[in-house]
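Now for the letters of each chain:
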Amino acid sequence: MIEVGSYVGGVWMAPGEGARDIHDAITGARIGRAGNAALDAGAMLEHGRRVGGPVLRAMGFKARAKMLKALALHLSGQKEALYELSYTTGGTAVDHMIDVDGGIGTLFVYASKGVKELPEDGPLLDGDVEFFGKAGSFGGRHICVPLQGVAVHINAFNFPVWGMLEKIAPCLLAGVPAIVKPATATAHVTEACVRMMLEAGVLPEGALQLVTGGLGDTLERLGPQDVVTFTGSAETALKLRGTPALLRNSVRFTAEQDSLNASILGPDAGPDSPEFDLFVKEVHREMTAKAGQKCTAIRRILVPEAQVDAVIEAVSARLAKTTVGDPREEGVRMGALVSAAQAADVLEKAAIIGSEAELVFGGMDGFAPLGERATGGAFVAPHLFRADPDSAQRVHDTEAFGPVSTVMGYRDMAHACEIAARGQGSLVASVITHDPAVAREAVMGLAPWHGRVYLNDRVSMKESTGHGAPMPHMVHGGPGRAGGGEELGGIRAVTHYMQRTAVQGSPEMLRAVSGVQVKGAPEVVSEGHPFRRKFGELEVGQVLQTASREITLEDIEHFAEFTGDTFYAHMNEEAAARNPFFPGRVAHGYLLLSFAAGLFVDPEEGPVLANTGLEGLAFMQPVVPGDSISVRLTVASKKRRTAEHGEVRWAVEITNQEGATVAEYELLTMVAG
Ligand code: NDP
């Protein structure tokens, strides 16, 4: 018997009064219990808010990103134990990898993004400074700072590991402590994973708590700085959303719930095309991976009317070869649903769909899962239906959360998009087409109703990640029935745990708040050339004003000849004068950049190691022979990369003899020290 604990307030709490039973999905045997009515939700929340939150926030983005990486590495070394335990949830070895490796991969992605895309410390900046007056003495910018509460993550049974990790990765990276409440049916796997993460010794106390079984009155106690994220049924989401404390305190509530995802076979993809084959493979995989218990699984298969029979035949042929049974048995490709209750629910929903659709493959008649142990388990055979998309209704509003899908014929792409939209909002739609025009029309029709649109064809199929796989880089969530939430999506997801605040003030104030240079902020006075300063000695706002240099016609001709850029605007006076942008022959933009470097560079060996790039280049005014340019180089921002060096961004402004800006850009350098 597995005694599934809760980790609350820094201690493990064994199951007790009110504990819920956990069953083996393959045998049906009772294997554990979870939950304890003695949970002190108030103390748990305070522990997160008062103990975990301050430490996490003080760490800064980079240290938190490193913490995620350490967790990912630690879990990578313990995967086998998680796979082994996961067999009790009904899945196959491949299913366990989707859950476990998918979760660890998500941690790695957020760790990497945290280092690369987030500031070392200080607030996360959202957008540029905007000025409100002509003189540029008052402006504003948006910043994001971590919320000071806790995030309560309520997860579904189907991904006990990924479901937790995909939520805590952006949450902890933001600096907000997490309280994880897994679905009871698979809470033992989540609990094992939490124990491993705590053993890694990198999580500050209070950063991660686990509640198995009931949540008690946790939601009733949430306040304005807290967040709830939920994955599960629309019914539960609706109930929890309505918790008075959540409404009263405007607690953020992100839901990812039922979704009638569709996959569309393009009208160009005939039975002999690589796309047809690809489509059939994707549909089959989505019906059978995790026995169809994926929020992104394909529930509705939309194909050109003329292809309905061919698609049914091809999908059925693949399903016929899919052995269902005890995943430990040789040759088994699809396991059980998570519980007898889920199996009953899926069969009930399949019957509802069957009331207006024809079963064309599978069903429970004569079905027997493979394996001696499999007799008492939650096995459901694949069900492939065929329906008329216009007259049917239940197929568009009934989520049978198992290996159940319906083929429907569409007339044209507008019709296909209309059918997909009858799902009232879904997580993902896929379009398998090799025709870019079809892809464009489909995306424009599908996007308003979907959080993600997945296009695939012969070109991308080898590297494509799969209709059903949410990528940490991409938004996961969907409008309407799918919950209206957004999870993942790179750094976007981190901001879900942060407050976005508009900060207004003078350039100097905005620089002080943001840690980056703001145009018009006073110079930070320093002596000597900034290229002589080590990374740690440079200060944002330090300026180098260079001498000036005249640009002659000979310079332009020399540059043209030397580089081969003899474009008429530099070489032909009459042609250049006909160009509406130029008064006559002008200097090359790249000549200006080269001369600018000649003006600001300090040539001797020193802490500046390399010029790694240039961003935001704009040529604002032409430079003609006889003009003089000079450069103002300002330390715009700094970010340490290693103990030995860091990236320094310099705001470069090239002006002419009248003080007018002729070019602007940001120069990126690596600086030692
Ligand atoms: P539920 O909505 O019942 O449960 C989801 C999560 O909410 C679980 O952690 C559950 O905990 C928790 N929960 C339920 N009631 C409460 C409550 N009153 N207070 C706090 N937490 C609560 O979904 P199921 O897991 O039972 O699945 C039912 C159906 O939902 C599936 O058949 C499927 O149609 C859909 N579903 C959709 C998913 C998606 O990603 N789109 C994922 C999973 C399910 P506990 O397990 O302890 O009850």
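Refer to the structure presented above.
About the cut-offs
Residues numbered from 1 in each chain as written. Predicted model: local features only at pLDDT ≥ 70, side-chain atom pairs only at ≥ 80, totals over all residues. Heavy atoms only, no water. Core = buried A, V, L, I, M, F, W, Y, C linked by side-chain atoms within 4.5 Å. Buried < 20%, exposed > 50% of the residue type's maximum accessible area, 1.4 Å probe, protein only. Helix = DSSP H or I, 4+ residues; strand = E, 2+ residues; numbered from the N terminus. Contact = heavy atoms within 4.5 Å. Near = heavy atom within 4 Å. Polar contact = N/O pair within 3.5 Å; in protein donor to acceptor, adjacent residues only side chain to side chain. Areas by Shrake-Rupley, 256 points an atom, 1.4 Å probe, with all protein chains shown as cover. 1 Å grid on protein atoms, 1.4 Å probe; cavity = no way out; pocket = protein on both sides within 12 Å on 5 of 7 lines; lining within 4 Å. Sits in = over half its atoms within 2 Å of the grid points. Nonpolar A, V, L, I, M, F, W, Y, C, P; charged D, E, K, R; others polar. Pairing = 2+ DSSP bridges. Axes fitted to C-alpha atoms, helices over the stretch in contact; angles between N-to-C directions. Phe/Tyr/Trp six-rings, centres within 6.5 Å; stacked < 30°, edge-to-face > 60°. Lys NZ or Arg CZ within 6 Å of the ring centre and 35° of its normal. Points joined across faces, edges and corners; volume = space filled by probe spheres on them. Parallel < 35°, antiparallel > 145°, perpendicular 65-115°, else oblique. Left-handed = near helix turned anticlockwise from the far one by under 90°.

Considerations on the nonpolar core
For step 1, the next point in the chain: Residues Leu-68, Leu-165, Ile-168 and Met-197 are the most contacted members of the largest nonpolar core, which totals 52 residues.
For step 2, the next point in the chain: Mapped onto this core, the elements with two or more residues apiece are α1 (41–76), α2 (79–86), α3 (93–117), α4 (162–174), β9 (178–181), α5 (187–199), β10 (208–210) and α14 (491–495).
For step 3, the next point in the chain: Here the element with the most residues in this core is α4; it accounts for nine residues.
For step 4, the next point in the chain: Not counting residues up to four positions away in its chain, the partners in contact with Leu-68 are Leu-107, Tyr-110, Ala-111, Ala-169, Leu-172 and Leu-173.
For step 5, the next point in the chain: Membership of the second largest hydrophobic core comes to 37 residues, among which are Val-346, Ala-378, Ala-420 and Val-431.

Comments concerning the site of the ligand
For step 1, the next point in the chain: Close contacts around the ligand come from 26 residues, with Arg-20, Asn-155, Thr-184, Thr-236 and Cys-295 the closest.
For step 2, the next point in the chain: Within the contact set of the ligand, an oxygen atom lies 2.7 Å away from a side-chain nitrogen or oxygen of Arg-20.
For step 3, the next point in the chain: One of the side-chain N or O atoms of Asp-345 is found 3.4 Å from an oxygen atom in the ligand.
For step 4, the next point in the chain: For the ligand, the protein covers 81% of the area, taking 870 Å² as the surface of the free molecule.
For step 5, the next point in the chain: Of the pockets mapped on this structure, the ligand occupies the second largest pocket.
For step 6, the next point in the chain: Mapped by element, the contributors of at least two residues to the shell around the ligand are β11 (227–231), α6 (234–241) and α10 (340–354).
For step 7, the next point in the chain: When residues of the shell around the ligand are assigned to their parent elements, the largest contribution, three residues, is made by α6.
For step 8, the next point in the chain: Taken together, the residues of the shell around the ligand sort by class into ten nonpolar, nine polar and seven charged.

Overview of the sheet that holds strand β17 (residues 404–410)
Across a sheet, paired strands are connected by hydrogen bonds in the backbone, their directions being either parallel or antiparallel.
For step 1, the next point in the chain: Strand order in the open sheet formed by seven strands is β15-β16-β17-β14-β13-β18-β19, and the pairing between neighbours is mixed. Lying at the two open borders of the sheet, with one neighbouring strand each, are β15 (358–362) and β19 (450–456). Taken pair by pair, the neighbouring strands of this sheet meet at an average axis angle of 20 degrees, ignoring direction.
For step 2, the next point in the chain: Pairing of strand β14 (residues 300–304) with β17, which is carried by five bridges, proceeds in the parallel orientation. Bridging from a neighbouring strand, Pro-304 pairs with Tyr-410 of β17.
For step 3, the next point in the chain: Docked against the sheet, α10 engages β16 (383–387) and β17, running at close to 25 degrees with respect to β16.

A closer look at the packing of aromatic side chains
For step 1, the next point in the chain: In total, this model carries nine aromatic pairs according to the counting rule given.
For step 2, the next point in the chain: Ring geometry for Tyr-7 versus Trp-12: centroids 5.2 Å apart, planes at 50 degrees, classification tilted.
For step 3, the next point in the chain: According to the relative accessible area criterion, Trp-12 is partly exposed, its value standing at 30%.
For step 4, the next point in the chain: Judged by centre distance (5.3 Å) and plane angle (70 degrees), the ring pair of Phe-159 and Trp-162 falls under edge-to-face. Comparing Phe-159 with Trp-162 shows no difference in burial state: the two are buried.
For step 5, the next point in the chain: A network of ring pairs unites the aromatic residues Phe-531, Phe-600 and Trp-650 as a single cluster.
For step 6, the next point in the chain: When the ring centre of Phe-595 is taken as origin, the NZ or CZ atom of Arg-549, which lies over that ring, is 3.6 Å away.

Some words on empty space enclosed by the protein
For step 1, the next point in the chain: Counted by the stated rule, this structure contains three cavities of 30 Å³ or more.
For step 2, the next point in the chain: As a volume, the largest cavity reaches approximately 80 Å³.
For step 3, the next point in the chain: As for the largest cavity, its lining consists of Thr-89, Gly-90, Gly-91, Asp-95, Phe-157, Asn-158, Pro-160, Thr-186, Lys-290, Gln-293, Ala-336 and Val-338.
For step 4, the next point in the chain: Class assignment of the residues belonging to the lining of the largest cavity gives a composition of four nonpolar, six polar and two charged.
For step 5, the next point in the chain: Of the voids in this model, the second largest cavity is the one considered here, and its volume is about 60 Å³.
For step 6, the next point in the chain: As for the second largest cavity, its lining consists of Ala-156, Asn-158, Phe-159, Trp-162, Gly-163, Glu-166, Lys-167, Thr-231, Glu-256 and Cys-295.
For step 7, the next point in the chain: Broken down by element, the lining of the second largest cavity gets its largest block of residues, four residues, from α4.
For step 8, the next point in the chain: Considered class by class, the residues forming the lining of the second largest cavity number four nonpolar, three polar and three charged.

Things to note about the layout of surface pockets
The rolling of a water-molecule-sized probe over the atoms marks out the regions of remaining empty space.
For step 1, the next point in the chain: Of the voids in this model, the largest pocket is the one considered here, and its volume is about 1600 Å³.
For step 2, the next point in the chain: Lining the largest pocket are 50 residues, with Val-516, Gln-517, Ala-636, Ser-637 and Glu-666 sitting closest to its centre.
For step 3, the next point in the chain: Contributing elements (two or more residues each) for the lining of the largest pocket: α3, β6 (124–131), α15 (507–514), β24 (608–619), β25 (628–640), β26 (645–656) and β27 (661–672).
For step 4, the next point in the chain: Among the elements that make up the lining of the largest pocket, the one with the highest residue count is β25 (seven residues).
For step 5, the next point in the chain: Together, 40 residues line the second largest pocket, and Phe-230, Gly-232, Ser-233, Ala-234 and Thr-236 are the ones closest to its centre.
For step 6, the next point in the chain: Going through the elements one at a time, β11, α6, α10 and α11 (394–397) are the ones with two or more residues in the lining of the second largest pocket.
For step 7, the next point in the chain: Of the residues forming the lining of the second largest pocket, the biggest block, six residues, is contributed by α6.
For step 8, the next point in the chain: The class makeup of the residues in the lining of the second largest pocket is 13 nonpolar, 13 polar and 14 charged.

Description of the environment of Ile-419
For step 1, the next point in the chain: One can find Ile-419 in helix α12 (residues 413–421).
For step 2, the next point in the chain: A relative accessible area of 1% means that Ile-419 is categorised as buried.
For step 3, the next point in the chain: When the C-alpha atoms of Ile-419 and Ala-262 are compared, they prove to be 8.9 Å apart, with 157 residues separating the residues in sequence.
For step 4, the next point in the chain: When near neighbours in sequence (up to four residues on either side) are disregarded, Ile-419 contacts Arg-300, Leu-302, Pro-389, His-396, Gly-409 and Tyr-410.

Observations concerning the packing of α1 against α5
For step 1, the next point in the chain: The contact between α1 and α5 brings their axes to 9 Å, and the two run at 120 degrees. By the criterion of interaxial angle, the relationship of α1 to α5 is oblique. For the pair α1 and α5, the sense of crossing is right-handed. Mapping the contact onto sequence places Leu-71, His-74 and Leu-75 in α1 and Cys-193, Met-196, Met-197 and Glu-199 in α5.
For step 2, the next point in the chain: In terms of residue class, the contact of α1 with α5 is built from five nonpolar, one polar and one charged.

Focus: the sheet that holds strand β5 (residues 30–34)
For step 1, the next point in the chain: If you trace the three strands from one edge of the open sheet to the other, you get β1-β5-β4, paired in mixed fashion. In the strand order of this sheet, the two ends are held by β1 (2–4) and β4 (20–23), each with one partner. Averaged over neighbouring strand pairs, the angle between their axes works out to 25 degrees when direction is ignored.
For step 2, the next point in the chain: In this sheet, β5 lies alongside β1 in parallel orientation, the contact comprising three bridges. Bridged to Glu-3 within β5 is Arg-33.

Details of the packing of α1 against α4
When two helices pack together, their arrangement is captured by the angle between the axes and the distance separating the axes.
For step 1, the next point in the chain: Relative to each other, α1 and α4 sit at 150 degrees, their axes nearing to 7 Å. Looking at the two axes, α1 sits roughly antiparallel to α4. In this structure, α1 uses Leu-56, Phe-61, Arg-64, Ala-65, Met-67, Leu-68 and Leu-75 to contact α4, whose residues at the interface are Leu-165, Ala-169, Leu-172, Leu-173 and Ala-174.
For step 2, the next point in the chain: Here the residues of the contact of α1 with α4 sort into eleven nonpolar, no polar and one charged.

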